[in-house]
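# Architecture at a glance
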Amino acid sequence: EPEVTQTPSHQVTQMGQEVILRCVPISNHLYFYWYRQILGQKVEFLVSFYNNEISEKSEIFDDQFSVERPDGSNFTLKIRSTKLEDSAMYFCASSPDGYSGNTIYFGEGSWLTVV
Amino acid sequence: AQSVAQPEDQVNVAEGNPLTVKCTYSVSGNPYLFWYVQYPNRGLQFLLKYITGDNLVKGSYGFEAEFNKSQTSFHLKKPSALVSDSALYFCAVRGAINTDKLIFGTGTRLQVFP
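Predicted, not measured: the structure shown is a model, and the values here were computed from it. Numbers given for residues are sequential positions, taken from 1 along each chain in its written order. Labels are handed out in written order, letters beginning with A for the chains and numbers beginning with 1 for the ligands. Residue-level local features of this predicted model are given only where pLDDT is at least 70; pairs of side-chain atoms are given and counted only at 80 or more, and the full residue set underlies all totals for whole chains, interfaces and linings. Just so you know, side-chain values use all the structure's heavy atoms and leave hydrogens and water out.

All right, on to the overall build of chain B then. In DSSP terms, a helix is any run of H or I states spanning at least four residues, a strand is any run of E spanning at least two, and both are numbered starting from the N terminus. Each helix and strand in chain B was counted, giving 0 helices and 12 strands. Going from N to C terminus, chain B has its helices and strands arranged as β-β-β-β-β-β-β-β-β-β-β-β. Relative to the compact-globule value of 13 Å for 114 residues, chain B shows a C-alpha radius of gyration of 14 Å, a close match. Considered along the principal axes of its C-alpha atoms, chain B spans approximately 45 × 30 × 20 Å. Buried residues are those whose accessible area, probed at 1.4 Å on protein chains only, stays under 20% of the maximum for their type, while exposed residues exceed 50% and partly exposed ones sit between those limits. Counting only residues that meet the buried cut, chain B has 49% of its 114 residues in that class. Every radius of gyration here is taken over C-alpha atoms, with the globule rule written as 2.2 Å times N^0.38, N being the number of residues.

With that settled, consider the nonpolar core. Throughout, nonpolar core names a set of buried Ala, Val, Leu, Ile, Met, Phe, Trp, Tyr and Cys residues whose side chains join them through atoms within 4.5 Å. Counting residues in each nonpolar core, the largest one holds 29 residues, and the members touching the most others are Trp35, Leu47, Leu48, Phe74, Leu76 and Tyr89 of chain B. Looking at this core, the elements that each hand over two or more residues are strand E2 (10-14), strand E3 (19-21), strand E5 (31-38), strand E6 (44-50), strand E8 (64-68), strand E9 (73-78), strand E10 (87-95) and strand E12 (108-113) of chain B. Per element, the largest residue contribution to this core is 4 residues, and it comes from E10 of chain B. Only heavy atoms enter the contact rule, under which two residues are in contact if any of them lie within 4.5 Å. In this structure tyrosine 89 of chain B touches Gln6, Trp35, Tyr36, Val37, Leu47, Phe63, Leu76, Gly107, Thr108 and Leu110 of chain B, once residues within four positions along its chain are discounted. Grouped together as the second largest cluster of nonpolar side chains are 23 residues, Phe32, Phe61, Phe65 and Leu112 of chain A included.

The partner chain A presents 21 residues to the 21 residues of chain B that form the contact. Once two parts are joined, some of their accessible surface, as seen by a 1.4 Å probe, is lost; buried area is that loss totalled over both. Carbon and sulfur atoms make up 49% of the area that chain B and chain A hide from each other, which totals about 1,900 Å². The largest contributions to the chain B side of the interface with chain A come from Leu44, Arg94 and Asp100 of chain B, which together make up 30% of the buried area. For the salt bridge of glutamate 108 of chain A with arginine 42 of chain B, the shortest nitrogen-to-oxygen distance reads 2.7 Å. Of all the secondary structure elements, the ones that give two or more residues to the side of chain B that touches chain A are E5, E6 and E10 of chain B. In this classification, Asp, Glu, Lys and Arg are treated as charged, Ala, Val, Leu, Ile, Met, Phe, Trp, Tyr, Cys and Pro as nonpolar, and every other residue, Gly included, as polar. Along the lines of polarity and charge, the residues of the side of chain B that touches chain A split into 10 nonpolar, 6 polar and 5 charged. Salt bridge, as applied in this entry: a Lys or Arg side-chain nitrogen positioned within 4 Å of an Asp or Glu carboxyl oxygen.

Turning our eyes to something else, we now look at the state of the cysteines. Note on terminology: pairs of cysteine sulfur atoms within 2.5 Å are recorded as disulfides. Here the structure, examined in full by the defined rule, presents 2 disulfides over all chains. Paired by a disulfide, cysteine 23 of chain A and cysteine 92 of chain A hold their sulfur atoms 1.9 Å apart. Its torsion about the S-S bond being -65°, the disulfide of cysteine 23 of chain A and cysteine 92 of chain A is classed as left-handed. With cysteine 23 of chain A in strand E3 (residues 19-24) and cysteine 92 of chain A in strand E9 (residues 88-95), the pair connects residues that are 69 residues apart, well separated along the chain. In this model, cysteine 23 of chain B is linked to cysteine 91 of chain B through a disulfide, with the two sulfur atoms separated by 2.0 Å. Every disulfide takes its handedness from the sign of the S-S torsion; for cysteine 23 of chain B and cysteine 91 of chain B that torsion is -65°, giving left-handed.

Residues and elements named next belong to chain A. At least two bridges found by DSSP between two strands is the condition for calling them paired. Read across the open sheet, the 4 strands follow the order E1-E3-E8-E7; overall the sheet is antiparallel. Looking along the sheet, the strands with just one partner apiece sit at the ends: strand E1 (5-7) and strand E7 (65-68). Mean inter-strand twist for the sheet, computed between neighbouring axes without regard to direction, equals 20°. In this structure, E3 lies alongside strand E8 (residues 75-79), joined through 5 bridges in antiparallel fashion. Lines fitted to C-alpha atoms define the axes, with helix axes restricted to the stretch in contact, and inter-axis angles between N-to-C directions lie between 0 and 180 degrees.

And the structure:
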């Protein structure tokens, strides 16, 4: 069964450093997402991406965040200058298209620890 | 505004007994409702969803959920719990109108005891 894959599974970074989290969405999917889950809290939407541009973003997704699809398979989340409060599990996800009834498939997550 | 409530932080059930994990929602328009499960140190796995049609939806691993429009609920059920069902369960809603966002509840930890 096709899967969303994410790398790295765990990254430790110093405050103020840039981090790039990588994802390979399911191959025939057109919509891509990033969500995050701070330890012990609920899963929160960050951003959706379609046709090489941001489709929707949350208030969490401020100027220090950016997303990119650098080639035909990868989808990345960049955090420009990490803060302690960015420590969380970041989930990449994809869906076939923008229809709200489509299932969104999630990767295993990238656990980011900012020290 | 869309929201999801999971009123129970934890549900404990003995193996072999039926289980229910509760979820209520608030959304403008018709809701699209989802259940996901998260095993320790793993990602979110899709279990089932309600889009339209039959109010009882069947999903993976023997789970089912009942959509109740009047009570705005979408409770997850299983007739006979297994110890391996122990995990964190998330209910999520997506409004049908012009949004990509999936809104998650706070999660319910299911503990099935042998």
